[in-house]
Amino acid sequence: MTAHRCRVETPDHLPLDRSAWRRVIDARALDRDILAAFALAALAAVTAVLRLGALDAPAQPGEGRGVSQIFAVDTLTTLLDTTSAPLAWLQIGGYTAATDAFARHVSALAAAREAMVIAAALTAVLLWVLALRIGLSRVTAAVAVVIAAVAPMAVGLQSGVRAENVAVPWLLLGLALLWTPRRHRRLAPDLWATAFLVIAVITAPVAIIPVGTAAWLVWRRQRRRLSLMLACLFGLGTGIGLGASAALAGLRMAAEGPSALTWPAEDPVFATAAVVAAIAALHSYRLRPLAAGVLGLAAVAAIPGGPGTSALTIAVAPAALVIAGTVERAVRHGTARATFLGRHPLRVPAIGLAVAVVLTAGPNWANGLHTVLTAHPDPAPVLGATRWLRENLPDAQLVTDSVTWADLVRGGRPARTTIRAADCVDDTCATGSWLLFTTNLRASLPHRPALADAAPRGETVAVFGAGGDRVEIHRPAIDGPGGLDEQLARTRLGGEIAADPRVSAQADADTALRAGRADPRVLTMLSALAATRPVRLAALPPVPGEDDAGQPRRQMLITAADEPAEQLAHFFTSQPGVYRPESVHTAAGAVLVRYPAGAPAGLLPTP
């Protein structure tokens, strides 16, 4: 009876026939596949949600070039720069045009980053597929996707508008097709893999580095003719689609991003674990090609002045897989301590690495994710500057950063008079244009010597915000007296007007006149008007942003004494040249006069 209760039911003992048993096994396998599919969909959704939270994060250095290119493809139906990863911008621009992203988002940066969310979700799915193709378990694949989803370094890099984020799915798809234990198989997967790798390199030239992993996979199948054929097809495809000059231009543009050391400093746990795991994975036959690719990208990222951030952007997803795969291979190899230490001396370090990552990654990644997801700049300064430009300089030639360029053109400003900083490379452009200084433009000045030289010579006419969000509007340098001499001249004439018995000024206006805070054109016209009639000066209203820049007030509100307001308004509209106001409005017996921004020099006699 005991033997009867403890009997193990095997296919030979079950009352079912073998076909029925096979159907039960297949049904259970299908259940596991469905469960795995739901798990993968959930992980891809988590990846996308975390990147969505970073849509409004501050623009990263070098990100604006991509935003402006995508906006030009989407809205202007043109490429601003055909030598800088045009295929990437065409792909993203096609997505934004199909989904109407620029119309749905408040900022152009958020609209362009939406495509990066889709790319990150695709990367998560393909990372899972690649893990299974390598021969790793589903648990390891899930761990790799989780690491790539929540590591702050991965979130920051994959959220930025970069060509490399679009290239990674193509790269992973090509590697997944090439990763096979079979020496002989149909040719179609290899040809498709080669085509996907060509697209990846044309999309982002830095992707040429992990193509070495693909070459290793083909070569170790020991089919020389196949290797040579695929190499020729790859070289021909990239040569036609990219070309040497475009590849060098793409690498040069990629080098304009933040320093590669910025990212490991923000997420040292992931960076250290990736390097250690990649070195350990060199001892694994399965992981060795991928580990070599990760180390190659890390080496390129360490080159001073090189495409560091671009290389790290491509490396984060494979690095997450190497970390998870190294731990699995170390745990699975050997069970006896002596055998394990003799044949696999890296098992203990690998397990220690896994424990250390788990213990330290939690608090570190929680803080890092909180920083990435909550670091949102104040939009008010940019909106205030945009409003000031729309009201005061609707058609003047203006230079600004690429992200703000896209927002200005999207808001209706003419593209012909709005210039990206990347296109303003000579002194004529830099010194003859108004400058809209944002955080992004200030960060790019080391790469823009013409603008860096012109900025101190100009005059700040409006300031919005403070600290890191501060936005300034500079006008070109003008010849003539300025600074202290002009301030003294305004103070002298303003005091004379305030003391004139024919001028009745309210307290605030009187203080502004005596302090030299009135525009030379306002002072000149007040003096001329007071010479012919009594003047009631109700106010010198400030223009938003100009008081903070130390600019004199160029508006005045005058109430008519014994004459109609329309007659007083005619006095101003009939003035010639620089003394003709920008606008004159009458209401309730008062006249509001406003002069254009930026008074010419030399209007007042200097001491």
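Structure's up top.
Residues numbered from 1 in each chain as written. Predicted model: local features only at pLDDT ≥ 70, side-chain atom pairs only at ≥ 80, totals over all residues. Heavy atoms only, no water.

> Help me understand the packing of helix α3 (residues 63–76) against helix α4 (residues 86–99), please; the structure alone is not making it clear to me.
Between two packed helices, what matters for the description is the angle formed by their axes and the separation of those axes. In contact at an axis separation of 8 Å, α3 and α4 are set at 55 degrees when each is read in the N-to-C sense. If you check the angle between α3 and α4, you find them oblique. Crossing angle aside, the handedness with which α3 passes α4 is right-handed. Between α3 and α4, the residues in contact are Gly66, Gln69, Ile70, Val73 and Asp74 and Trp89, Leu90, Ile92, Gly93, Thr96 and Ala97, respectively. The class makeup of the residues in the contact of α3 with α4 is six nonpolar, four polar and one charged. (Axes fitted to C-alpha atoms, helices over the stretch in contact; angles between N-to-C directions. Helix = DSSP H or I, 4+ residues; strand = E, 2+ residues; numbered from the N terminus. Parallel < 35°, antiparallel > 145°, perpendicular 65-115°, else oblique. Left-handed = near helix turned anticlockwise from the far one by under 90°. Contact = heavy atoms within 4.5 Å. Nonpolar A, V, L, I, M, F, W, Y, C, P; charged D, E, K, R; others polar.)

> What should I look at first to understand the side chain of serine 433 in this one?
In this fold, serine 433 is placed in the loop between α22 (427–431) and β3 (434–437). One polar contact links serine 433 to glutamine 397, side chain to side chain, over a distance of 2.6 Å. At 2.6 Å, the side chain of serine 433 forms a polar contact with the backbone oxygen of cysteine 429. In contact with serine 433, not counting residues within four places along its chain, are Gln397, Val399 and Pro476. (Polar contact = N/O pair within 3.5 Å; in protein donor to acceptor, adjacent residues only side chain to side chain.)

> Got a minute to help me understand the environment of glycine 174 in this structure?
Relative to the helices and strands, glycine 174 is located in helix α9 (residues 163–178). Residue class for glycine 174 comes out buried when judged on its relative accessible area of 0%. Taking C-alpha positions, glycine 174 is 9.6 Å from leucine 130, a pair spaced 44 residues apart along the chain. Beyond its immediate chain neighbours, meaning those up to four positions away, glycine 174 contacts Ala193, Phe196 and Leu197. (Buried < 20%, exposed > 50% of the residue type's maximum accessible area, 1.4 Å probe, protein only.)

> In this structure, what is going on with the sheet that holds strand β6 (residues 503–505)? I would like to understand it.
Hydrogen bonding along the main chain pairs the strands of a sheet, whether they run parallel or antiparallel. The sheet built from five strands is open, its strands ordered β6-β7-β8-β10-β9 with mixed pairing. At either margin of the open sheet sits one strand with a lone partner, and together these are β6 and β9 (583–587). Neighbour-to-neighbour, the strand axes of this sheet turn through a mean angle of 25 degrees, independent of strand direction. With five bridges connecting them, strand β8 (residues 555–559) and strand β10 (residues 590–594) associate as antiparallel partners. Note on β10: the bridge partner recorded for glutamine 555 is arginine 594. (Pairing = 2+ DSSP bridges.)

> Would you explain the nonpolar core in this entry?
The nonpolar side chains of a soluble globular protein tend to be buried, and buried together. In this structure, Val67, Leu130, Ile134, Met153, Phe270 and Leu321 are the most contacted members of the largest nonpolar core, which totals 98 residues. Of all the elements, helix α6 (residues 108–134) adds the most residues to this core, at 13 residues. Of all hydrophobic cores here, the second largest spans 30 residues; its members include Ala518, Val535, Ile558 and Phe572. (Core = buried A, V, L, I, M, F, W, Y, C linked by side-chain atoms within 4.5 Å.)

> How do you make sense of the layout of surface pockets when you look at a structure like this?
Leftover empty space is mapped by rolling, across the atoms, a probe with the size of a water molecule. Considered as a void within the structure, the largest pocket measures approximately 990 Å³ in volume. Taken together, 36 residues form the lining of the largest pocket, with Ser107, Pro379, Val382, Leu383 and Asp407 sitting closest to its centre. Elements that contribute at least two residues to the lining of the largest pocket include exactly α6, α20 (380–392), α21 (402–410) and α23 (439–444). Partitioning the lining of the largest pocket into residue classes produces 17 nonpolar, eleven polar and eight charged. (1 Å grid on protein atoms, 1.4 Å probe; cavity = no way out; pocket = protein on both sides within 12 Å on 5 of 7 lines; lining within 4 Å. Points joined across faces, edges and corners; volume = space filled by probe spheres on them.)

> Is there a simple way to think about the state of the cysteines in this case?
Such a bond, covalent and formed between the sulfur atoms of two cysteines, is termed a disulfide. Counted by the stated rule, this structure contains one disulfide. A sulfur-sulfur distance of 2.3 Å marks the disulfide that ties cysteine 424 to cysteine 429. A torsion of -125 degrees about the S-S bond marks the disulfide between cysteine 424 and cysteine 429 as left-handed. Across the pair, cysteine 429 and cysteine 424 agree in class, each one buried. (Disulfide = S-S within 2.5 Å.)

> Sorry if this is basic, but what is going on with the sheet that holds strand β5 (residues 471–475) here?
Judged by pairing direction, the sheet is mixed, and its five strands sit side by side in the order β2-β1-β3-β5-β4 without closing on themselves. Only two strands of the sheet have a single partner each, and these edge strands are β2 (418–420) and β4 (459–464). On average, each strand axis in the sheet is tilted by 25 degrees relative to the strand beside it, whichever way the strands run. Inspection of the sheet shows strand β1 (residues 398–400) paired to β3 by two bridges, in the parallel sense.

> Explain a nonpolar patch on the surface here, please?
On the surface, Leu187, Leu191, Met229 and Leu233 cluster together into a nonpolar patch covering about 290 Å² of accessible area. Examined against the element boundaries, leucine 191 turns out to sit in helix α10 (residues 188–203). With a relative accessible area of 35%, leucine 191 lands in the partly exposed category. (Patch = residues over 30% accessible without salt bridge, like charges linked within 9 Å, V, L, I, M, F, W, Y side chains within 5 Å. Areas by Shrake-Rupley, 256 points an atom, 1.4 Å probe, with all protein chains shown as cover. Salt bridge = Lys/Arg side-chain N within 4 Å of Asp/Glu carboxyl O.)

> I would appreciate a short explanation of the side chain of arginine 533 in the present structure.
Structurally, the position occupied by arginine 533 is in the loop between α27 (520–530) and β7 (535–539). Exposure remark for arginine 533: the relative accessible area of 19% places this residue in the buried category. Side-chain polar atoms of arginine 533 contact the side chain of threonine 532, separated by 3.1 Å. The residues touching arginine 533, leaving out its near neighbours within four places in the chain, are Arg502, Glu563, Leu568 and Phe571.

> Help me understand the pairing of β7 in this model?
Side-chain positions along a regular strand alternate between the two faces of the sheet. In this sheet, β7 lies alongside β6 in parallel orientation, the contact comprising three bridges. Looking at the pairing, valine 503 lines up with valine 535 of β7. Here β7 pairs with β8 via three bridges, running antiparallel. Across the sheet, residue leucine 537 finds its bridge partner in β8, namely isoleucine 558.

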